[in-house]
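Single-letter residue listing:
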Amino acid sequence: MKTAAVYLRVSTNDQAEHSPDSQLREIKNYAARHNIIIDPKHIYTDTGISGRNAKKRPAFQKMVAAAKAKPSPFDTILIWKYSRFARNQEESILYKSLLRKECGVEVVSITEETGDNMFGPLIERIIEWMDEFYSVRLSEEVRTKMTFVAEKGKVQTTPPFGYRKKPGQPMEIVPDEAEWIRYIFTEFVAGKSMLAIARSLNAHGVHTHRGNQFENRTIEYILNNPMYIGYVRWTPTGKTLSKRIFDSEDTMMVKGDFEPIISEDLFNVAAALLQQRKKSRKKYAKPADVKKHWLSGLVHCGNCGGTLTYSPKNDGFQCYKYAKGVCKVSHFINARKLEEAVISAIEHVDITDQFIKDNTVVPVTESTVDYSKQIDKLEKMLERAKAAYVAGIDTM
């Protein structure tokens, strides 16, 4: 009798698929008819996740890791449809091959039985190709619809600070927050730095919609957001704001269906000032406070616990959170005074056997090691190996 694991997946944009409970019920009925035992410990579910990238599906990765155990705790993976396993044919072929050849585990769709004859694998590949084609087409349709909605001037994102939105209605201004938006633009145009503005808002107890304190980048985003003059900004080809790119060649700007908070003249003056400051900074120039000092990383803020970073310009240490506008208390200390204090303290230390024993950190064999760089390198090698395997250049 076979032992099976179950993999369930429901994405956010596919309205035609069954719920996880419905999928599981049908899979259990299939298992009962075919004398297959389902191990409750090996029922894996990814909810609200696309099937086009296996790396972004934690339950899927956990299932594959479990299958690699010696011996494998299950010899079959039951799925509702092949599209639940993957909507990327390349990854589908790769993972099925690895599971079958390395772990002895078969992937079975309960609604798309392809049979054991010579045409079975061909039918399975056709189904996978159709699933991937559907996924690509669905993505294009969603992008087209969202672009169409953006062209109508309707907001599709979470309302920014200064606005709120009720379902099915245009954004509306939040009066108290709008006053702070006007304050930000007015003070910036008057010559105040983004850091000083962030500190001012934090000092008055103002928080973002997520409940966070304001930082330089929060102010920068607000100053670059055309919603405050009543426009919707939309980039159909992908996200750029995460890279702090506020516009690109295909970015569209459309008059929105909501009221502006500031005038276009004020917004344009702030935009010109932002460009001017951007040009005055050297490309790839690092802030002065990242330069190292022999005491760097050893001194901490007495107010928030943050690290004090060294600034060659001021020849001293300052709390890095204070420099971002988050910490409210300045703990600046001159480097020379700090050096003298540390050296004086060291001179009064009596080096004894007991002192060495008390202050020696014993290496812990089970301590966490950062292998992120090695993992990145191995993942790139794996991607090349995948491509070679799928193209038929390499064998298992």
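Predicted, not measured: the structure shown is a model, and the values here were computed from it.

Student: Got a minute to help me understand the overall build of the chain in this structure?
Tutor: Scanning the chain for helices and strands turns up 13 helices and 11 strands. Of the roughly 24800 Å² of accessible surface on the chain, a fraction of 55% belongs to carbon and sulfur atoms.

Student: Just to check I follow, could you spell out the sheet that holds strand E11 (residues 333–334) for this structure?
Tutor: Two pairing modes exist for strands in a sheet, parallel and antiparallel, and in both the strands are linked by backbone hydrogen bonds. Spatially, E9-E10-E11 is the arrangement adopted by the 3 strands of the open sheet, whose pairing is antiparallel. Edge positions in the sheet fall to strand E9 (308–311) and E11, since each of these pairs with one other strand and no more. In terms of strand pairing, E9 meets strand E10 (residues 316–319) through 4 bridges, oriented antiparallel. Bridge pairing in E10 places Leu308 opposite Cys319.

Student: So what exactly am I meant to see when it comes to helix H2 (residues 58–67) here?
Tutor: Spacing of three or four residues puts side chains on the same side of an α-helix, whose turn is 3.6 residues. Regarding H2, the residues found buried are Ala59, Phe60, Met63, Val64, Ala66 and Ala67. Down the axis of H2, the smallest arc covering the buried residues is 160°, so these residues share one side. Away from the buried face of H2 by more than 90 degrees, exposed residues Pro58 and Lys62 are located.

Student: In this structure, what is going on with the nonpolar core? I would like to understand it.
Tutor: Most often, soluble globular proteins have nonpolar side chains that are buried together. Counting 29 residues, the largest nonpolar core has Ile181, Phe185 and Tyr228 as the members making the most contacts within it. Those elements that place two or more of their residues in this core are helix H6 (175–189), helix H7 (194–203), helix H8 (216–223) and helix H9 (264–280). Broken down by element, the residue count for this core peaks at 5 residues, all from H6. Apart from residues lying up to four places away in sequence, Tyr228 is in contact with Pro160, Phe161, Tyr163, Ile181, Phe185, Ile222, Pro260, Ile261 and Ile262. Ala5, Tyr82, Val105 and Val107 belong to the second-largest nonpolar core, a separate cluster that totals 20 residues.

Student: So what exactly am I meant to see when it comes to the side chain of Ser200 here?
Tutor: Note that Ser200 resides in helix H7. The contact partners of Ser200, leaving out residues within four places of it in the chain, are Tyr183 and Lys192.

Student: Looking at this structure, how should I read the pattern of salt bridges?
Tutor: When their charged atoms lie close together, side chains carrying opposite charge are able to pair. What the rule picks out here adds up to 7 salt bridges. Across the pair Arg182 and Glu179 runs a salt bridge, and its minimum N-O distance is 2.8 Å. Taken together, the positions of Arg182 and Glu179, both in helix H6 and 3 residues apart, correspond to about one turn of that helix. With relative accessibility at 30%, the residue Arg182 sits in the partly exposed group.

Student: Please clarify how the sheet that holds strand E4 (residues 106–109) should be interpreted in this entry.
Tutor: Taking strand neighbours across the sheet as the criterion, the 4 strands line up as E2-E1-E3-E4 in an open arrangement whose pairing is parallel. In the strand order of this sheet, the two ends are held by strand E2 (36–47) and E4, each with one partner. The average undirected angle you get between the axes of adjacent strands in this sheet is 25°. The pairing of strand E1 (residues 2–10) with strand E3 (residues 76–79) spans 3 bridges and is classified as parallel. Residue pairing in the sheet places Val6 in a bridge with Leu78 of E3. Together, E1, E2, E3 and E4 form the strand contacts of helix H1 (residues 20–33), whose direction differs from that of E1 by roughly 160°.

Student: Would you mind going over the packing of aromatic side chains with me for this structure?
Tutor: The geometry of two aromatic rings is summed up by the distance between their centres and the angle between their planes. By the definition in use, this model includes 8 aromatic pairs. Note on Phe185 and Tyr228: the rings are 6.2 Å apart at their centroids and 70° apart in plane angle, and the pair reads as edge-to-face. Note that Phe185 is positioned in helix H6 and Tyr228 in the loop between H8 and strand E7 (231–234), a separation of 43 residues in sequence. With respect to burial, Phe185 and Tyr228 carry one shared label: buried. Among the aromatic side chains, those forming a connected cluster through ring pairs are Tyr163, Phe185, Tyr228, Phe258 and Phe267. Across from the ring centre of Phe60, 4.3 Å away, lies the NZ or CZ of Arg57, which sits over that ring. In this structure, Arg199 packs its charged tip against the face of Tyr322, placed 3.8 Å from the ring centre.

Student: Looking at this model, I keep getting lost on the packing of H6 against H7. Mind explaining?
Tutor: A pair of packed helices is captured by two measures, namely the crossing angle of their axes and the spacing between those axes. Put simply, H6 and H7 touch, their axes get as near as 10 Å, and they point 150° apart. In terms of orientation, H6 and H7 fall into the roughly antiparallel class. Where H6 crosses over H7, the two elements pack in a sense that is right-handed. Packed against H6, whose contacting residues are Trp180, Tyr183, Ile184, Glu187 and Phe188, the element H7 presents Met194, Ile197, Ser200 and Leu201 at the interface. Taken together, the residues that form the contact of H6 with H7 break down as 7 nonpolar, 1 polar and 1 charged.

Conventions and cut-offs
Residues numbered from 1 in each chain as written. Predicted model: local features only at pLDDT ≥ 70, side-chain atom pairs only at ≥ 80, totals over all residues. Heavy atoms only, no water. Helix = DSSP H or I, 4+ residues; strand = E, 2+ residues; numbered from the N terminus. Areas by Shrake-Rupley, 256 points an atom, 1.4 Å probe, with all protein chains shown as cover. Pairing = 2+ DSSP bridges. Buried < 20%, exposed > 50% of the residue type's maximum accessible area, 1.4 Å probe, protein only. Arc of directions from axis to C-beta. Core = buried A, V, L, I, M, F, W, Y, C linked by side-chain atoms within 4.5 Å. Contact = heavy atoms within 4.5 Å. Salt bridge = Lys/Arg side-chain N within 4 Å of Asp/Glu carboxyl O. Axes fitted to C-alpha atoms, helices over the stretch in contact; angles between N-to-C directions. Phe/Tyr/Trp six-rings, centres within 6.5 Å; stacked < 30°, edge-to-face > 60°. Lys NZ or Arg CZ within 6 Å of the ring centre and 35° of its normal. Parallel < 35°, antiparallel > 145°, perpendicular 65-115°, else oblique. Left-handed = near helix turned anticlockwise from the far one by under 90°. Nonpolar A, V, L, I, M, F, W, Y, C, P; charged D, E, K, R; others polar.

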